[in-house]
Amino acid sequence: MKTTLFSRPAWAGILACALLLALLPVFNLAFEPGHPLHVSSYMVALIGKFMCYAMAALALDLVWGYTGILSLGHGVFFALGGYAHGMYLMRAIGRDGVYQSNLPDFMVFLDWKTYPWFWSMTDSFWYSMLLVVAVPGVLAFVFGYFAFRSRIKGVYFSIITQAMTFAFMLLFFRNNTGFGGNNGFTDFKRILGHAITSPSTKAALYLVTLGMLLGALILCRWIVRSKLGRVLQAVRDSESRLMFIGYNPLWFKLFVWTLSAVLCGIAGALYVPQVGIINPSEMSPGNSIEMVIWAAVGGRGTLLGPIIGAFSVNGLKSWFTGAFPDLWLYALGLLFILVTLFMPQGILGLAGKLRRQKEAA
Amino acid sequence: MPGRTAGRRPGFFLSACIAMHAAPDKNMNLLYKLMAALLLCLQAALAHAAIDAALLAPLAGDDPDARIEAVGQIAALANDDAYKVLSALKNDTLYATPEGRVLVVDGDQAWDPATGASAPAPDGIDGITVNNRLRGAVEGAMAGLRLFSKDRNERLAAARALQKGTDAAQAPLIVKALAQETDAEIKPLLEMAAATANLQSPDPTVRRAAVIALSDSSNASLRPVLRQMLEKGTDGSYTEPDESVRIAAVGTLQKLERRLAFTEIVGNLFYGVSLGSVLLLAALGLAITFGLMGIINMAHGELLMIGAYATYACQLFFRKYLPGALDAYLLVALPVAFLASALVGIVLERTVIRWLYGRPLETLLATWGISLILMQTVRSLFGAQNVEVANPAWMSGGITVLGSLVLSWNRIVIIFFSLAVVAVVWLILNKTRLGLFVRAVTQNRRMADCTGVSTGRVDMMTFGLGSGIAGLGGVALSQLGNVGPDLGQSYIVDSFMVVVLGGVGQLAGTVIAAFGLGEINKFLEPFSGAVLAKIAILVFIIIFIQKRPQGLFALKGRSVE
């Protein structure tokens, strides 16, 4: 086993990419529009969003690519992280809402007089950060504990995660659930006292996201390279053999499943202030499956793959929805089919195959 | 002479008024003028039975209660003049002179209902303002007048409308209508309405008789009325002062509540079975493709949608080329929808799914991609909006049971249709050669292959069968709800839940799971609302699968995986 996490050229490549990404908001702030080195605010916001997606795809790949558990419910963890942070952002609006009340507009609309209990203390930023980690984490732990304990696996697990997503979406669409119904949270004004629309706040959020993505990548790399990671891959390849050897897969699966949910929740929390809205459609089953295709396109069972996949699929989506909005669903559908039929290991797998062919020649 | 004829047949005139009443506002003026002209002839021809001035006077006054009472009393006359005064009041053409006379003004002519004489409108008259409360009373009273219509359906509709609520002022009118009513269906309705109206009578014996007469009613709107009679006011006295009436009210209320509770249970049972049949039709195809073949087909919902759109296409075809046989379109839609969905299914199986056998997670992703493409295709062919699929005449309407519960024909037909489809599927699987092959291939693919069964062909046919049944499900769904490109999405989670709950590969399990979920859903809804009921069911299934991963009807076996 190698002692360093990445090989020297890999480290160099990752850091070079990170540096390049980090320069985007700097160039956006430093150069006036029209300057050849200027990066548009739209571009910065887009890349910031993609990095959140990449983090979610990374989290998903940790359970799917390495442990063989296909989740169709990571959209819920993403959205719950977003909602947990959104609660703080809603409180931070203060009296600047349309109704100039202490309560968020949607509560005024419902004629509520006080905050419901689960909103208590959410005016504290750090408490909301705790919720971002705890809510998806606890949900995943409880759900995973019961599912893994009764040895639900394969497609059954996928289907019940989809049912969970569906149930959560219905729940959050209700106005009386207390999270703004189908409008969700929006019209945020400030975060930690800084105006949320100002370019410097946006740049700071972008850089935090980049840092978190890098941290998540290193953490995942450390896990999959450790002995724990090898057990996880054994779960993926032959769970019953692992059990006959004497391991109990429950706690390994539960650990990686919960960690993945937490990472996904953090990605959601970073996503909401940058995009400025969170609503229950983020929990629709379709969104969760789209996350899976990011990981599949990039290459599952690798860590850089999901990041590459999230950037390329979403880049394609932005381009398509701008250029041929009617064709995007055809393209996405074809992507699902072609990737599963012809590129089971994704872009990275294809690249590896080409390299091996070259070496053999 | 038209006036004299009309005079001999009061019903004729009333139906003319009704025709006017029913006409859209645009034609109102013309009809109204025609009617006024006719009335003038009438006055010229007959010594007119005018309305007592004392009855009319309160209309011009300020006391709101007196005005409403006057409206009721005028309506109780149940003659043409009464109708004319009331409709003038409704149309803001009723005026009051400073000395308190009431005039119906039409153009520059004013007709005095108290004398029956017409004269040019005097100066200084003032329009009688109608507030919402009075307008409601006028409309109610005019509806009451429809009870005297010659047209039976008109009377029936009026009697039905009265079931929603009456007041004491209408009682004389209803009693009068009851006396001359001979129709067996309308009569009990009127009796009920008369009793309801009599509840507000000042005479306690009349009230008591009314309460007792109502003990056979199953009208839910009576419940608050009876409850209110038993309530105590702020000063500690009952709303209903007479004790004997109260005692009778308690008895009637109990009977009524028992009957309503029973009706509700029967209603829930019916709607539960109906929902179950829908779930069954949605899930039955999946029970074959997923349950028997093990293919996770996320495009199953879209196969339902294709069936629904095939129904829509059949309806379009019949509307255009065979409008005379429009009601038969649904029967033609069944084979069309089956073939359309089966064909799409077979194409999918041959081009995509068969390369992914043994890799369920990849199948899931690829079929999800297919579902996106199918949805977008339908969207570009038929538009993103919902399309309208009408019930054929023989499926619209319903039968009324237990007084107030309407069981609609489309739901009843679909319940039996779902059972018929299950029977056919069972026969195919158990009694045909194809079924034998299907069972052989699912039980031991390699052995079946060795004995010469063409497994690839059987896979194709089985998948086509499952898809075609989804198409039949789509025909049924088109008769109950909206047909749009997203139709399938709302059923895919439910369908998988039914199949997983019922036990994979178990037809009987699917049937029981579908009807069970339908019933549970409908009985939870009154307590929790539709959304929470749905969430509760999903949570229940998730917990259930934890306990019994093999579903309700697991095959007993000893294998590890």
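Conventions we followed
Residues numbered from 1 in each chain as written. Chains lettered and ligands numbered in written order. Predicted model: local features only at pLDDT ≥ 70, side-chain atom pairs only at ≥ 80, totals over all residues. Helix = DSSP H or I, 4+ residues; strand = E, 2+ residues; numbered from the N terminus. Rg over C-alpha atoms; globule rule 2.2 N^0.38 Å. Buried ≥ 20, exposed ≤ 12 C-beta atoms within 10 Å, placed from the backbone. Contact = placed C-beta atoms within 7 Å. Expected span 1.5 Å × (residues − 1). Axes fitted to C-alpha atoms, helices over the stretch in contact; angles between N-to-C directions. Parallel < 35°, antiparallel > 145°, perpendicular 65-115°, else oblique. Left-handed = near helix turned anticlockwise from the far one by under 90°. Nonpolar A, V, L, I, M, F, W, Y, C, P; charged D, E, K, R; others polar. Core = buried A, V, L, I, M, F, W, Y, C linked by C-beta atoms within 7 Å. Domains from an automatic or database assignment. pLDDT = per-residue confidence, 0-100. Pairing = 2+ DSSP bridges.

### Observations regarding the overall build of chain A
For chain A, the helix and strand inventory stands at 14 helices and 4 strands. Taken over the C-alpha trace, chain A has a radius of gyration of 21 Å; the compact-globule value for 361 residues is 21 Å, and the two agree within 12%. For chain A, the C-alpha atoms occupy an extent of roughly 70 × 55 × 45 Å along the three principal directions. Evaluated residue by residue, chain A yields a buried proportion of 43% over its 361 residues. Taking contacts inside chain A between residues at least 6 apart in sequence as the whole, the part at least 24 apart equals 77%.

### What to know about the overall build of chain B
Scanning chain B from terminus to terminus reveals 23 helices and 7 strands. Burial statistics for chain B: of 561 residues in total, 42% are counted as buried. For chain B, the proportion of contacts with a sequence separation of at least 24, taken over those separated by at least 6, is 70%.

### Comments concerning helix 15 (residues 329–351) of chain B
Residue and element names in this part refer to chain B. Taking 1.5 Å of rise per residue, 23 residues should cover 33 Å, and helix 15 covers 32 Å from first to last C-alpha, within 8% of that figure. Every buried residue of helix 15 is listed here: Tyr329, Leu330, Ala333, Ala337, Phe338, Ala340, Ser341, Ala342, Val344, Gly345, Leu348 and Glu349. Close packing links the buried residues of helix 15 with helix 14 (300–321), helix 16 (360–382) and helix 20 (455–480).

### A few points about the packing of helix 14 of chain B against helix 20 of chain B
Residues and elements named next belong to chain B. Where helix 14 contacts helix 20, the two axes come as close as 7 Å, and the packing angle between them is 55 degrees. One finds that helix 14 runs oblique with respect to helix 20. Both helix 14 and helix 20 take part in a crossing whose hand is right-handed. Along its contact with helix 14, which presents His300, Leu303, Leu304, Met305, Ile306, Gly307, Ala308, Ala310, Thr311 and Tyr312, the element helix 20 presents Ser467, Ala470, Gly471, Leu472, Gly473, Gly474, Val475, Leu477 and Ser478. Taken together, the residues that form the contact of helix 14 with helix 20 break down as 11 nonpolar, 8 polar and no charged.

### Section: helix 20 of chain B
Along its 26 residues, helix 20 of chain B runs 38 Å from first to last C-alpha, staying within 8% of the 38 Å computed at 1.5 Å per residue. Extensive coverage of helix 20 of chain B is indicated by the burial of 20 of its 26 residues.

### Section: the nonpolar core
By size, the foremost hydrophobic cluster in this structure holds 193 residues, and its most contacted members are Met55, Ala56, Ala57, Leu58, Ala163, Ala267 and Ile293 of chain A. Sequence-distant contacts of leucine 58 of chain A, that is, excluding residues within four places in its chain, are made with Ala216, Leu217, Cys220, Leu263, Leu303, Pro306 and Ile307 of chain A. Within the second largest apolar cluster, 58 residues are counted, among which are Leu89, Ala110, Ala141 and Met229 of chain B.

### Re the environment of glycine 127 of chain B
All names here are of chain B. Assignment of secondary structure puts glycine 127 in strand 5 (residues 126–127). In this structure the C-alpha to C-alpha distance between glycine 127 and valine 102, which are 25 residues apart in sequence, comes to 9.7 Å. Ignoring anything within four residues of it in the chain, the contact list for glycine 127 reads Asp92 and Tyr95.

### Considerations on unusual backbone geometry
Residues and elements named next belong to chain A. For glutamine 100, which is not a glycine, the phi torsion comes out positive at approximately 50 degrees. Topologically, glutamine 100 is positioned in the loop between helix 3 (74–92) and helix 4 (105–109). The phi torsion at aspartate 111 lies on the positive side, around 65 degrees, for a residue other than glycine. Structurally, aspartate 111 is set in the loop between helix 4 and helix 5 (125–149).

### What about the domain arrangement of chain B?
Along its sequence, chain B is carved into domain 1 (2–136), domain 2 (149–241) and domain 3 (280–493). For domain 2 of chain B and domain 3 of chain B, the distance between their C-alpha centres works out to 50 Å.

### Brief notes about the interface of chain B and chain A
Listed as interface residues are 35 residues of chain B and, on the opposing side, 37 residues of chain A. At the level of elements, helix 16, helix 21 (489–502) and helix 23 (530–547) of chain B are the ones that each hand at least two residues to the side of chain B that touches chain A. Of the residues forming the side of chain B that touches chain A, the biggest block, 14 residues, is contributed by helix 16 of chain B. Considered class by class, the residues forming the side of chain B that touches chain A number 27 nonpolar, 4 polar and 4 charged.

### Considering the confidence of the model for chain A
Confidence in the prediction for chain A averages 90 pLDDT; 99% of positions are at 70 or higher. Ranking the helices and strands of chain A by mean pLDDT puts helix 10 (residues 249–275) of chain A first, with 95, and helix 4 of chain A last, with 84.

### Thoughts on the sheet that holds strand 1 (residues 94–96) of chain B
Remark on secondary structure: sheet strands pair via backbone hydrogen bonds, oriented parallel or antiparallel. Residues and elements named next belong to chain B. Read from one edge to the other, the open sheet built from 5 strands follows the order 4-3-2-1-5, with strand pairing classed as antiparallel. Two strands in the sheet have a free side with no partner beyond their single neighbour: strand 4 (117–120) and strand 5. Two elements, strand 1 and strand 2 (residues 102–106), share 3 bridges in a ladder whose sense is antiparallel. By the bridge assignment, tyrosine 95 is partnered in strand 2 with leucine 103.

### Some thoughts on the pairing of strand 2 of chain B
Residue and element names in this part refer to chain B. The buried fraction of strand 2 amounts to 4 of the 5 residues, a majority that puts the element mostly inside the structure. Taking the residues between adjacent antiparallel strands as the criterion, strand 1 and strand 2 are bridged by 5 residues, where glycine 100 takes a positive phi near 100 degrees. Two elements, strand 2 and strand 3 (residues 109–112), share 3 bridges in a ladder whose sense is antiparallel. Bridged to valine 104 within strand 3 is tryptophan 111.

### Quick word on the confidence of the model for chain B
All names here are of chain B. Scored by pLDDT, chain B comes out at a mean of 80, with 87% of its residues at no less than 70. Mean pLDDT across the elements of chain B bottoms out in helix 1 (residues 2–8) (41) and peaks in helix 15 (94). Across residues 1–26, where pLDDT falls below 50, the model places 41 contacts with residues more than four positions away in sequence or in other chains. Low pLDDT, under 50, characterises residues 557–561; the predicted model gives this stretch 2 contacts beyond four residues in sequence or across chains. Interface predicted TM-score (ipTM) for the complex: 0.88; the corresponding pTM is 0.75.

### Description of the environment of alanine 157 of chain B
Inspection of the secondary structure assignment puts alanine 157 of chain B in helix 8 (residues 152–162). Taking the C-alpha atoms as reference points, alanine 157 of chain B and leucine 147 of chain B, separated by 10 residues in sequence, lie 8.6 Å from one another.

### Side note on the environment of phenylalanine 143 of chain A
Tracing the backbone shows phenylalanine 143 of chain A in helix 5. Taking the C-alpha atoms as reference points, phenylalanine 143 of chain A and methionine 164 of chain A, 21 residues apart in sequence, are found 9.3 Å from one another.

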